[in-house]
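Residue strings, one per chain:
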Amino acid sequence: MAAERVVLVTGASSGIGLETARLLSQDEDLRVFGTKLTHEIVEQVGFEVLDLDINSDESVAACVNAVLDRAGRLDVLVNNAGIGLLGMVEETSLAECKAMFETNYFGTVRMIRAVLPVMREQGEGLIINTSSVAGHIGVPYEPHYCACKLAIDGLTRALRYEVASFGIDVCVVAPGYVRTSFYDVLREAEGQLDAYDSVRERAIESFEESARHGNEAPAIAREVVKIVKAKSPRLRYWAGKDARLYGRFHKLIPGFLMDRIMRKKFAPR
Ligand SMILES: NC(=O)c1ccc[n+]([C@@H]2O[C@H](COP(=O)([O-])OP(=O)(O)OC[C@H]3O[C@@H](n4cnc5c(N)ncnc54)[C@H](OP(=O)(O)O)[C@@H]3O)[C@@H](O)[C@H]2O)c1
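Residues numbered from 1 in each chain as written. Predicted model: local features only at pLDDT ≥ 70, side-chain atom pairs only at ≥ 80, totals over all residues. Heavy atoms only, no water.

### Quick look at the overall build of the chain
Here comes step 1: Of the regular secondary structure elements, the chain holds 9 helices and 11 strands.
Here comes step 2: The globule rule puts the C-alpha radius of gyration for 269 residues at 18 Å, and the 19 Å found for the chain is close to it.
Here comes step 3: By its C-alpha atoms, the chain is 65 × 40 × 35 Å across when sized along the principal axes.
Here comes step 4: Considering the chain as a whole, with its 269 residues, one finds that 49% of them fall into the buried category.
Here comes step 5: Taking the intrachain contacts of the chain between residues at least 6 apart in sequence as the baseline, contacts between residues at least 24 apart amount to 73%.
Here comes step 6: In the form shown here, the chain has an accessible surface area of approximately 13700 Å², with 53% of it arising from carbon and sulfur atoms.
Here comes step 7: For the chain, the distance from the average position of its 33 positive side-chain charges to the average position of its 37 negative side-chain charges is 8 Å. (Helix = DSSP H or I, 4+ residues; strand = E, 2+ residues; numbered from the N terminus. Rg over C-alpha atoms; globule rule 2.2 N^0.38 Å. Buried < 20%, exposed > 50% of the residue type's maximum accessible area, 1.4 Å probe, protein only. Contact = heavy atoms within 4.5 Å. Areas by Shrake-Rupley, 256 points an atom, 1.4 Å probe, with all protein chains shown as cover. Lys, Arg positive; Asp, Glu negative; His and termini not counted. Charge placed at Lys NZ, Arg CZ, Asp CG, Glu CD.)

### Some remarks on the sheet that holds strand 11 (residues 236–239)
Here comes step 1: Taken together, 7 strands build an open sheet; the order of strands is 3-2-1-4-6-7-11 and the sheet is parallel. The open sheet has two edge strands with one neighbour each: strand 3 (48–51) and strand 11. Going across the sheet, the axis of each strand differs from the next one's by a mean of 20°, ignoring polarity.
Here comes step 2: Docked against the sheet, helix 8 (residues 241–249) engages strand 7 (168–175) and strand 11, running at close to 130° with respect to strand 11. (Pairing = 2+ DSSP bridges. Axes fitted to C-alpha atoms, helices over the stretch in contact; angles between N-to-C directions.)

### Regarding the side chain of R202
Here comes step 1: Mapped onto the fold, R202 is located in helix 6 (residues 197–212).
Here comes step 2: Look past the residues within four positions of R202 in its chain and what remains in contact with it is K264, K265, F266, A267, P268 and R269.

### Describing empty space enclosed by the protein
Here comes step 1: Summed over the entire model, instances satisfying the criterion amount to 1 cavity of 30 Å³ or more.
Here comes step 2: One number sums up the size of the largest cavity: a volume of about 60 Å³.
Here comes step 3: Every residue along the wall of the largest cavity is listed here: I16, T20, V78, N80, I128, T130, V173, P175, I220 and V224.
Here comes step 4: Every element with two or more residues in the lining of the largest cavity is listed here: helix 1 (15–25), strand 6 (125–130), strand 7 and helix 7 (217–229).
Here comes step 5: Class assignment for the residues of the lining of the largest cavity results in 7 nonpolar, 3 polar and no charged. (1 Å grid on protein atoms, 1.4 Å probe; cavity = no way out; pocket = protein on both sides within 12 Å on 5 of 7 lines; lining within 4 Å. Points joined across faces, edges and corners; volume = space filled by probe spheres on them. Nonpolar A, V, L, I, M, F, W, Y, C, P; charged D, E, K, R; others polar.)

### Topic: the layout of surface pockets
Taking a probe equal in size to a water molecule and rolling it over the atoms shows the remaining empty space.
Here comes step 1: Computed from the structure, the second largest pocket encloses a volume of approximately 270 Å³.
Here comes step 2: Forming the walls of the second largest pocket are 14 residues, and the residues nearest its centre are R5, D75, E124, G125 and L126.
Here comes step 3: The residue inventory of the lining of the second largest pocket, partitioned by class, reads 5 nonpolar, 2 polar and 7 charged.

### Some words on the packing of helix 1 against helix 7
Here comes step 1: Remark: helix 1 packs on helix 7, axes separated minimally by 8 Å, with the N-to-C direction vectors making an angle of 50°. Classified by the angle between their axes, helix 1 and helix 7 sit oblique to one another. Judged by the sense of rotation from one axis to the other, the crossing of helix 1 with helix 7 is right-handed. Counted together, G15, I16, E19, T20, L23 and L24 of helix 1 and A217, P218, I220, A221, R222, V224, V225 and V228 of helix 7 form the full contact between these two elements.
Here comes step 2: In the contact of helix 1 with helix 7, the residues fall into 10 nonpolar, 2 polar and 2 charged. (Parallel < 35°, antiparallel > 145°, perpendicular 65-115°, else oblique. Left-handed = near helix turned anticlockwise from the far one by under 90°.)

### A word on a nonpolar patch on the surface
Here comes step 1: A contiguous nonpolar patch, built from L245, F249, L252, I253, F256, L257 and I261 and spanning about 650 Å² of accessible area, is present on the exposed surface.
Here comes step 2: Those elements giving two or more residues to the nonpolar patch turn out to be helix 8 and helix 9 (255–266).
Here comes step 3: Following the sequence through the fold, F256 ends up in helix 9. (Patch = residues over 30% accessible without salt bridge, like charges linked within 9 Å, V, L, I, M, F, W, Y side chains within 5 Å. Salt bridge = Lys/Arg side-chain N within 4 Å of Asp/Glu carboxyl O.)

### Focus: the packing of helix 2 (residues 57–71) against helix 3 (residues 94–122)
When two helices pack together, their arrangement is given by the angle between the helix axes and the distance between those axes.
Here comes step 1: Between helix 2 and helix 3, the least distance of the axes is 10 Å, while the angle of their chain directions is 35°. You can see that helix 2 and helix 3 cross each other, and the crossing is right-handed. Seen from helix 2, the contacting residues are D57, V60, V64 and L68; seen from helix 3, they are R110, M111, A114, V115 and V118.
Here comes step 2: Residues that form the contact of helix 2 with helix 3 fall into these classes: 7 nonpolar, no polar and 2 charged.

### Thoughts on the nonpolar core
Here comes step 1: Within the largest apolar cluster, 37 residues are counted, with the highest numbers of intra-cluster contacts made by L8, L74, M111 and I127.
Here comes step 2: Of all the secondary-structure elements, those providing two or more residues to this core are strand 1 (5–9), helix 2, helix 3, helix 5 (143–163) and strand 7.
Here comes step 3: No other element matches helix 3, which puts 11 residues into this core.
Here comes step 4: Residues contacting L74, with those up to four places away along its chain left out, are V6, V7, L8, V64, V67, L68, V115, V118, M119 and Q122.
Here comes step 5: One finds A12, L18, I128 and I227 within the second-largest nonpolar core, a separate group that totals 27 residues. (Core = buried A, V, L, I, M, F, W, Y, C linked by side-chain atoms within 4.5 Å.)

In structure tokens:
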């Protein structure tokens, strides 16, 4: 019988992370830990719950140590925790921008740095980072979110080749629009400028359109489970129907045409 694999999912108190940890925990070959920050996990979820703030070195170390104390190993890290930030570049202060990078980018890096020594020692491991289609497209009104998610894609690509010889796989999941509480807890830049009202209006219309056709979190969770179970995980997985469509067609559409479509979409009326 194959040994039980131990999985840690960050940000498992809601949305994609909750559904992912829940679905993974139904697999009897996996022992699953999921983390929370501000929200309590009150229902019976089937996985073991740990506290984690990915903004804190101490919290990250305590969380990884708790997994090792209880399970003795750590095979899979699903780096899912993240936050959103709305605001044009000119409207968003560097402090607001840095705060988002602290969680979405440096938080992801913190987790990776904490698990790599463990996985190297084991001679195997899998790290799944969470990017976003938005990062690949470049969506106005969420420029820094796009930037940090694309940074995660670049980080994943480089890290994949750094650690392959240690038996560690690294890949990235890029969801499209997913209906979760992410949009209820979005932070907004404080320095709104009237000059951007028209672009903002178009961007909000575009969000609403995406929301209407958006994915449910379990669809993304199923994609992550597929990666966890894959023999040789690929570099990148587009998750959700809109993301898969983008993944399939963006290589076929010339850059200038994509640029023209985006300019038209967000042009003031
Ligand atoms: N929803 C989308 O359309 C979409 C699209 C593409 C990519 N994504 C990405 O998918 C991931 C999950 O998003 P979601 O839609 O499921 O959002 P969500 O429902 O808001 O869940 C976010 C999770 O991250 C946790 N979290 C936030 N800050 C944290 C921190 N400093 N330390 C530890 N945990 C923290 C939250 O914990 P608490 O609730 O306990 O505070 C929560 O469990 C994010 O990385 C997001 O960028 C989402």
